[in-house]
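Structural overview
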Amino acid sequence: MTTTTAPVTLHPRTGRADAMLATLLERRRPGHSLEAPFYLSEDIFQADLEHIFRRHWIFVAVAPQLPEPGDFITVDIGADSVLIVRDDDMQLRAFHNVCRHRGSRLCDEHQGSLGNIVCPYHQWTYDLEGKLIHADHMGETFLREQHHLHKVHLRDLEGLIFICLADEPPADFEEVAARMRPYLAPHKLSECKVAAQVEILEQGNWKLTMENNRECYHCVGNHPELTISLYEHGFGAQPGPQNAEGIAQFEQIVRDSHARWEAMGLPSARIEELDTRVTGFRTQRLPLDRAGESQTMNTEVACRKLLADFTDKSLGGLSFWTQPNSWHHFMSDHVVSFSVIPLSAGRTMVRTTWCVHKDAVEGVDYTVENLTAVWNATNDQDRRLVEFSQAGVASSAYQPGPYSPFTEGLVEAFCVWYVDRMRVSLTASR
Amino acid sequence: MTTTTAPVTLHPRTGRADAMLATLLERRRPGHSLEAPFYLSEDIFQADLEHIFRRHWIFVAVAPQLPEPGDFITVDIGADSVLIVRDDDMQLRAFHNVCRHRGSRLCDEHQGSLGNIVCPYHQWTYDLEGKLIHADHMGETFLREQHHLHKVHLRDLEGLIFICLADEPPADFEEVAARMRPYLAPHKLSECKVAAQVEILEQGNWKLTMENNRECYHCVGNHPELTISLYEHGFGAQPGPQNAEGIAQFEQIVRDSHARWEAMGLPSARIEELDTRVTGFRTQRLPLDRAGESQTMNTEVACRKLLADFTDKSLGGLSFWTQPNSWHHFMSDHVVSFSVIPLSAGRTMVRTTWCVHKDAVEGVDYTVENLTAVWNATNDQDRRLVEFSQAGVASSAYQPGPYSPFTEGLVEAFCVWYVDRMRVSLTASR
Amino acid sequence: MTTTTAPVTLHPRTGRADAMLATLLERRRPGHSLEAPFYLSEDIFQADLEHIFRRHWIFVAVAPQLPEPGDFITVDIGADSVLIVRDDDMQLRAFHNVCRHRGSRLCDEHQGSLGNIVCPYHQWTYDLEGKLIHADHMGETFLREQHHLHKVHLRDLEGLIFICLADEPPADFEEVAARMRPYLAPHKLSECKVAAQVEILEQGNWKLTMENNRECYHCVGNHPELTISLYEHGFGAQPGPQNAEGIAQFEQIVRDSHARWEAMGLPSARIEELDTRVTGFRTQRLPLDRAGESQTMNTEVACRKLLADFTDKSLGGLSFWTQPNSWHHFMSDHVVSFSVIPLSAGRTMVRTTWCVHKDAVEGVDYTVENLTAVWNATNDQDRRLVEFSQAGVASSAYQPGPYSPFTEGLVEAFCVWYVDRMRVSLTASR
């Protein structure tokens, strides 16, 4: 995007706000939760948008949301609305959803289908490559080619759609993609359909939502549905005589399962890169408990028609976590994806999408109620915890507390990544 | 109003905000929409209230809202509530709706009738000239004459009520009034009654509402009801072979109509003063299409009883636009007036008032549904466009875009007037 | 509370806001209402929380809300949630309602009963003295004794519960308590039960709520229910020929009543300390009009079972006002207490609690409707006046107006106390 004038901030106090932020980043205490302003300050929220959400790869959608040529969706990141369209040669493209005339939003719907992109205000018309192809009354000297839509970077990683609002997106995405494709490709997400999508609002900061996602210390006390299929020892524990046998058994199950899955061509080994690169991520394929097939109330598959050409229901759960805003679970029968969208310092949207094979028939192969039961319940429980946290960190008595070295290592990895990325970007923007 | 202490701003960052504003005003690019902060910044919104709405003549009501002695209305401009009363000798007066004791609002209703003005809190009592005539328990040394209501300047221009909150209102109002009286007087608005009044909220900045009003480039694509009576070529077009004949025909109709109306004593010639004076305005009387009588769904009069002593239904539409916040259409059968009231950077109220002859009988001479159909539909369509614009200019990708030289000249005139008035007032207030 | 890092403000403009506040405090005009920013500015609201509500004794509850061991309530002061529990030896204790792990709110309910305090997030467990007694997975080096709950100071003054969030609360509370105990003790509030509790929201600044409470100049024009039992001359009047006899009669009734009550062991003399000490207060026992028994619609007792061991229904009304946020009326049959909680610059909560003898039976000895009728009506009338005032002081025309020297002396005392406490605290915090 080319800007013709220097930016003027809406918030002339940015200098002081930046200084405050730099101080807070500098003194962050390792192994402890963040200081309160990171969750409460609207200034820091704006900085989060600028330094994290407008400069990194953000997961926003799955390819099955736009199966056909001309299909579009719109997604919001802060005040930025992005229009994603599939053009006639099946290419996905992303544009700022803003007319180049007087700035009107182009598409107000969340999804739909279109031929050209026609602004509702004065009918300026763009093609699916974003080119302005028609504008009335603009005179002979008007140059249409200077008024094409502003593009947004987009990557389709085996059906997971990431966008980046920066002029120069982080270059390491291609490495991440290369490492992840072998894990993701076998599930053929791009050949799925969306069976259900749910958006919930959490009255809390987006980082509390992410921190909540990055540990299962809270699972046993809060998630009766989710813990049916999750092994108790899958997410860390303080070792001791009382659980030594259980941990050893679990580790043996993991080794046996990995051997079986790798033999089937399903990579399963853990990759741990959450805080070691710009496009932080983590993956692992873990066995599921009891029937061991899927994250459902009875741990059996929710969809009779399996993904891809799978014949084995017991493929465990391949999880993929990305910084700053997503996590995904790929099973034999369905994929469930989560996208976290910050709305304000104290408000966050979590969009959950369940995909099944495109040929699966609702009511025959699966029901939406059964497919979504575990995560709808779990999301609501997590929402409540995030809201308790938001209320608590607003107290004048709140101080950063210690993370468990056994169960909250990935929360720490999230904070380390966040603090590091903010420092780098803040320094670069001076 | 006399203030006994120097003002202390609520917003101690005003210095920086003013500097930001001055920079943005200075670099405004002619012929292009305004930069985003003009629509988004609460600081600039406060500056708009201070420099535009508290220092210029603001259209707020029509005289038929207060037909009888003792009638009152209250109108809000920002946080200022103004009480307008008609006193016993039929004079309209305006006061700040604030008790001089501890500041209580005096009248909480939007309209009504009163004898004296009695504060609900401690019953301090003012007469209709704003004089404090009673206050209990204040002691022998209390000087009632130092506690009269603060007055607000008011002008009644042939039934259109303008107020000015400044100590010294712009002096050129009298010139504007002198030029407009011959146009307005024949319609005798003061002898009308209010047939309907509707307030709508727009989730957008007041300037987007005004810019939307100042062009009809968007009409053909958005206003199917309004364009029944409006000639396509009445509001500008890029000339070319395809429309040369249509434009020529339209211009001939205008010349013929003007000749006929002027002969009837109805001035019709355009006056173009939107950006050439402090109290910017514009007027013209334009023919209406088809039956040509009124801005209705079938273009026939909505009220059988015509205004004043008119006998000819085909008087076209006399339009009167004022900076910063109003427009009006005077026809043979009714008058429709629009007052735009800013509520916050992103929220605006539009109050539309339809007046008919005071002796017209609802259900016999007119129905409210028919009278209001076109503009209720049009207002809602414009609200949607304003809201699309507000959403779009908030995007980080928004840049000011070019106005059409053929159809958006009056939008440019609005921006030129606004930028100029802001600069002058900002400089004067330093 | 020990903080391990220096505080970083959320609002980096504090320096300027403090300077603005200091200027406004310095130039406050005696005998006049406060300037508008005191009611409107969110910066000053934050300062009110910091300097008034976090450094003084705040009335928050009555002991009958927690009759049994393990009973708890939570109360909010600004963003601070405080958990008050009665432990097994009947001691009341107060803690910040914030887990020492990652800051989750501990108790989300307004009241209830508990054994230990268990955090809903990761089940960290504290006993009723606030000691951390259990935390899973924290490792061998984790020191539980460094993670006990942060305590809040609490005093139980004859059943009225005050808390103070400051590290060092104002020391003069003990003197106030010593002076007030003889007045309050005979009513035995601690042996009461809560018959009703009502919270109302007022769209106004908390100081407008307090100022409204501190005068009855507005009563005759606004409170038809309350003025049934209140003598007209009980709260000041400008003396003159028209009311000289009435005032003299009232003063004789007060002298006679005081003589009778003092002889019964009920102190009645006025104490006037609203603006002469840090923990400002005022008390007096005043006769009630007509039947003279209680603040009810018919001025007879609302509860047949009298408080304590009273046998005389005509004990007038012992009123107790405290700075900054409460007032109370103790009668022969019930106690009504008011706690004012600021929510934002323009939003305030008023919690009213009615207590009767714990052995009184609803439907037999009293009805909630009759008990609460006068103050529910009066609270709603006052809410309206506070909202009129908030609307009015936001006007650009508002100027501080003069208080009546006869009827608004306690409003002045409130303002004097407020301004003085703000000045002292602001200076100390530099």
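Thresholds, definitions, all that
- Residues numbered from 1 in each chain as written.
- Chains lettered and ligands numbered in written order.
- Predicted model: local features only at pLDDT ≥ 70, side-chain atom pairs only at ≥ 80, totals over all residues.
- Heavy atoms only, no water.
- UniProt positions renumbered as here; feature names shortened; annotations may be inferred.
- Axes fitted to C-alpha atoms, helices over the stretch in contact; angles between N-to-C directions.
- Helix = DSSP H or I, 4+ residues; strand = E, 2+ residues; numbered from the N terminus.
- Parallel < 35°, antiparallel > 145°, perpendicular 65-115°, else oblique.
- Left-handed = near helix turned anticlockwise from the far one by under 90°.
- Contact = heavy atoms within 4.5 Å.
- Nonpolar A, V, L, I, M, F, W, Y, C, P; charged D, E, K, R; others polar.
- Least-squares fit on C-alpha atoms with pLDDT ≥ 70 in both.
- Buried area = accessible area lost by both parts, 1.4 Å probe.
- Salt bridge = Lys/Arg side-chain N within 4 Å of Asp/Glu carboxyl O.
- Polar contact = N/O pair within 3.5 Å; in protein donor to acceptor, adjacent residues only side chain to side chain.
- Buried < 20%, exposed > 50% of the residue type's maximum accessible area, 1.4 Å probe, protein only.
- Disulfide = S-S within 2.5 Å.
- Pairing = 2+ DSSP bridges.

Per an unreviewed UniProt entry, the recorded name for chain A is Rieske (2Fe-2S) domain-containing protein, and the organism is Sphaerotilus natans subsp. natans DSM 6575. Under the Cofactor (unreviewed entry) heading, UniProt states for chain A: "Fe cation". Taken verbatim from the UniProt record of chain A, the Sequence similarities (unreviewed entry) comment is "Belongs to the bacterial ring-hydroxylating dioxygenase alpha subunit family."

A word on the packing of helix α5 (residues 206-213) of chain B against helix α10 (residues 409-428) of chain B. Residue and element names in this part refer to chain B. At a minimum axis separation of 8 Å, α5 and α10 run at an interaxial angle of 140°. Here α5 lies oblique to α10, going by the angle between them. For the pair α5 and α10, the crossing hand works out as right-handed. Residue-level contacts link Trp-206, Lys-207, Met-210 and Glu-211 of α5 to Val-411, Phe-414, Cys-415 and Tyr-418 of α10. The residue makeup of the contact of α5 with α10, split by class, is six nonpolar, no polar and two charged.

Least-squares fitting of chain B to chain A yields an RMSD of 0.0 Å, with the transformation described by 0.0 Å of translation along the axis and a rotation of 120°. Such a turn and shift between the copies fits a three-fold axis. In this assembly, only 4% of the residues forming the interface of chain B have copies in chain A that are likewise at the interface, indicating a heterologous arrangement.

Each side of the interface is counted separately: chain B has 39 residues, and chain C has 45 residues. Buried surface at the junction of chain B and chain C, summed over both partners, amounts to about 3,400 Å²; 56% is from carbon and sulfur atoms. For the interface between chain B and chain C, the tally reads two salt bridges. Put simply, Arg-102 of chain B and Glu-408 of chain C hold a salt bridge, and the shortest N to O gap is 2.7 Å. Applying the counting rule to chain B against chain C returns 19 residue pairs in polar contact (both at pLDDT 80 or more). Each residue belonging to the side of chain B that touches chain C can be placed in one class, and the counts come to 14 nonpolar, 15 polar and 10 charged.

So, on to the pattern of salt bridges. In total, this model carries 69 salt bridges over all chains according to the counting rule given. Where Arg-282 of chain B meets Glu-272 of chain B, a salt bridge forms, and the shortest distance between an N and an O atom there is 2.5 Å. A residue pair is termed long-range when its members are at least 10 positions apart, and Arg-282 of chain B in strand β13 (residues 281-286) and Glu-272 of chain B in strand β12 (residues 271-273) qualify at 10 residues. In this structure Glu-272 of chain B comes out as partly exposed when scored by relative accessible area, which is 40%. Linked through salt bridges whose partners overlap, the residues forming this network are Asp-172, Glu-175, Arg-179, Glu-273 and Arg-277 of chain A.

A few words on the state of the cysteines. Summed over all chains, the structure comprises three disulfides over all chains. Bridging Cys-216 of chain A to Cys-219 of chain A, the disulfide has an S-S length of 1.9 Å. With the S-S dihedral at roughly -95°, the linkage between Cys-216 of chain A and Cys-219 of chain A falls on the left-handed side. Free cysteine: Cys-99 of chain C, not disulfide-bonded; nearest cysteine sulfur from Cys-119 of chain C at 3.8 Å.

Another aspect to go through is the relation of the copies chain B and chain C. Mapping chain B onto chain C calls for a screw motion: a turn of 120° about the axis and a shift of 0.1 Å along it, with 0.0 Å RMSD after fitting. Here only 5% of the contact residues of chain B are again contact residues in chain C; the copies associate through non-equivalent surfaces.

All names here are of chain B. The sheet built from three strands is open, its strands ordered β6-β7-β8 with antiparallel pairing. The open sheet has two free edges, formed respectively by β6 (117-118) and β8 (132-134), since each of these has just one partner strand. Pairing of strand β7 (residues 125-126) with β8 involves two bridges; the strand directions are antiparallel. Paired with Thr-125 across the strands is His-134, a residue of β8.

Here, the residues flagged by UniProt with the feature "domain: Rieske" (unreviewed entry) are residues 57-163 of chain A. Between the end C-alpha atoms of residues 57-163 of chain A there is a gap of 6 Å, over a span that is 0% helix and 42% strand.

This part covers unusual backbone geometry. Most of the time, phi is negative for any residue but glycine, and the peptide bond is trans. Backbone torsion omega between Gln-323 of chain A and Pro-324 of chain A reads 0°, so that peptide bond is classified as cis. Tracing the chain through its elements places Pro-324 of chain A in the loop between β14 (317-322) and β15 (326-330). With phi around 60°, Gln-123 of chain C is a residue other than glycine that occupies positive phi space. If you trace the backbone, Gln-123 of chain C turns up in the loop between β6 (117-118) and β7 (125-126). Exposure remark for Gln-123 of chain C: the relative accessible area of 23% places this residue in the partly exposed category. Positive phi is not limited to glycine here, since His-137 of chain C has a value of about 65°.

On to the interface of chain B and chain A. The interface is formed by 45 residues belonging to chain B together with 39 residues belonging to chain A. Here chain B packs against chain A, burying approximately 3,400 Å² in sum over the two surfaces, 56% of which is carbon and sulfur. Its largest share of buried area at the contact with chain A, chain B owes to Tyr-217, Phe-388 and Gln-399 of chain B, together 20% of the area lost on that side. For the pair chain B and chain A, the interface holds two salt bridges. The interface formed by chain B and chain A contains 19 residue pairs in polar contact (both at pLDDT 80 or more). Broken down by element, the residue count for the side of chain B that touches chain A peaks at six residues, all from helix α9 (residues 368-393) of chain B. Class assignment for the residues of the side of chain B that touches chain A results in 20 nonpolar, 16 polar and nine charged.

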